[in-house]
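Notes for the structure review
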Amino acid sequence: MANNTICCDRTAFRTDVCYMRGDVRTHSPSNSILLFDDNSTTAPPVEEKIRPYTRKWETTIMDTIDELRLRTAGAGDLDNHRCDVRHDVPAVVFSTGGYTGNVYHEFNDGIIPLYITSHHFNRRVVFVMLEYHDWWMTKYSDVVSRLSDHPPIDYSNDPRTHCFSKVIVGLRIHDELTVESDRMGSSNKTIFDFRRLLDEAHTPRIRTIVRAEEQASAPLLKPATEWNVSAKEKPKLVVVSRNGSRAIENEGELVKLAEGVGFEVKVLRPERTTELARIYQALNSCDAMVGVHGAAMTHFLFMRPGSVFIQIVPLGTDWAAETYYGEPARKMGLRYFPYRILPRESSLYREYRKGDPVLRDPESVNAKGWQVTKKVYLDGQNVMLDLARFRKRLFRAQQYIVSRKTSMNLRWRQQRLRQR
């Protein structure tokens, strides 16, 4: 970009991104970011408006995002906008509003796009946040600190004038829960690099948790590496439990079944207040995860590549389950085993006649619109697993894990022998 320039890319379906270069200064009382240009007296003024959130096609949610005015200003107005804080690194401006509060959207619409947009700065960047939430910063501070060495700015509640030479407003986003290397410029970063960042972010806290639990002599799930798990030990399975809709009604029987197949089972019940590092600890150290389609399936990002992800797919959710979690899980190197329930395994089977389209033809019901899908299949359905049928999926997963561990340990021993 040339100096003293405002430039916006509005070609993408999901997001707009604007760039400013020159003498750039914030002015939160007017929801503005100003570019001061000595030539503004002769050049026509420039103004761009942007809502820096990554779901621009959803007008209803975008209307809730604060709109910023990016505009040029003349040297004569400098006295009214003196710099209170000068920064020698660029800024990335984005919103933590919208669907924030749902872990899928927190990662898909926020954290991963933030990584895509800012990783190349090597932490020499300041994050300026609209709709700032203290709880969001508490939850994701370990991750944010791996992307920036500087404290974030709460734009709306910080009346000071912050001055930068370069500003990016908005975040770039690729596909669902992924990083596409061919769109990452010369860095060629992938979703594996993003997961490595998650590992670096959470490992220090996990070590603290492990030490505290060891001192208290409490049972724990220690982080596992590729080589420190014996093939003779039971594979570790985490069942991600749901309350309310899409719950597994025979969850207790599922746990017993998995133990009978040969798994060591842990039931994980994540709450909004559950520390992210503890969820990461459980899933990073497991060999397989089972859960019903929903936002909590986003936590597959915490699993080691090569692990098994079994997503239970309720009626009417086939497309969403595959698009939002199945395909991204494969891209991250997980062995994905979807389990599509039969009508008799759905609580809807007790509410509707056998020939009803809700059971027989979910696609025709989904065609009526998102609100119908949400009411019928997302908010109104639980799962009663056919355990005999589901046992086959668990057995297949257990055999894959044991075979993989045996193969890995054999390769490890061969490498050790060659090193002697």
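Structure shown above.
Structural notes, computed from the coordinates. (Residues numbered from 1 in each chain as written. Predicted model: local features only at pLDDT ≥ 70, side-chain atom pairs only at ≥ 80, totals over all residues. Heavy atoms only, no water.)

1. Re the overall build of the protein chain
If you tally the helices and strands in the protein chain, you get eleven helices and 15 strands. C-alpha atoms of the protein chain, sized along the principal axes, occupy 80 × 70 × 40 Å. Within the span of the protein chain, comprising 420 residues, buried residues form 50% of the whole. In the form shown here, the protein chain has an accessible surface area of approximately 19900 Å², with 48% of it arising from carbon and sulfur atoms. Here the protein chain contributes 62 positive and 52 negative side-chain charges, whose respective centroids are spaced 8 Å apart. (Helix = DSSP H or I, 4+ residues; strand = E, 2+ residues; numbered from the N terminus. Buried < 20%, exposed > 50% of the residue type's maximum accessible area, 1.4 Å probe, protein only. Areas by Shrake-Rupley, 256 points an atom, 1.4 Å probe, with all protein chains shown as cover. Lys, Arg positive; Asp, Glu negative; His and termini not counted. Charge placed at Lys NZ, Arg CZ, Asp CG, Glu CD.)

2. What about the environment of Val358?
Its location among the elements puts Val358 in helix H8 (residues 357-360). C-alpha of Val358 to C-alpha of Ile401: the two residues are 43 residues apart in sequence and 36 Å apart in space. Leaving out residues up to four positions away in the same chain, Val358 has contacts with Leu315, Leu348, Tyr352, Val365, Val376 and Tyr377. (Contact = heavy atoms within 4.5 Å.)

3. Some words on the packing of aromatic side chains
With the rule as written, the count across this model stands at 14 aromatic pairs. Between Tyr104 and Tyr325, the aromatic rings sit 5.9 Å apart at their centres with planes inclined by 75 degrees, giving edge-to-face as the arrangement. Taken together, the residues span a long stretch of sequence, with Tyr104 in helix H2 (residues 103-118) and Tyr325 in helix H7 (residues 318-331) at a distance of 221 residues. Among the aromatic residues, those joined into a cluster by ring pairs are Phe94, Phe107, Phe127, Trp136, Tyr140, Tyr280 and Phe302. (Phe/Tyr/Trp six-rings, centres within 6.5 Å; stacked < 30°, edge-to-face > 60°.)

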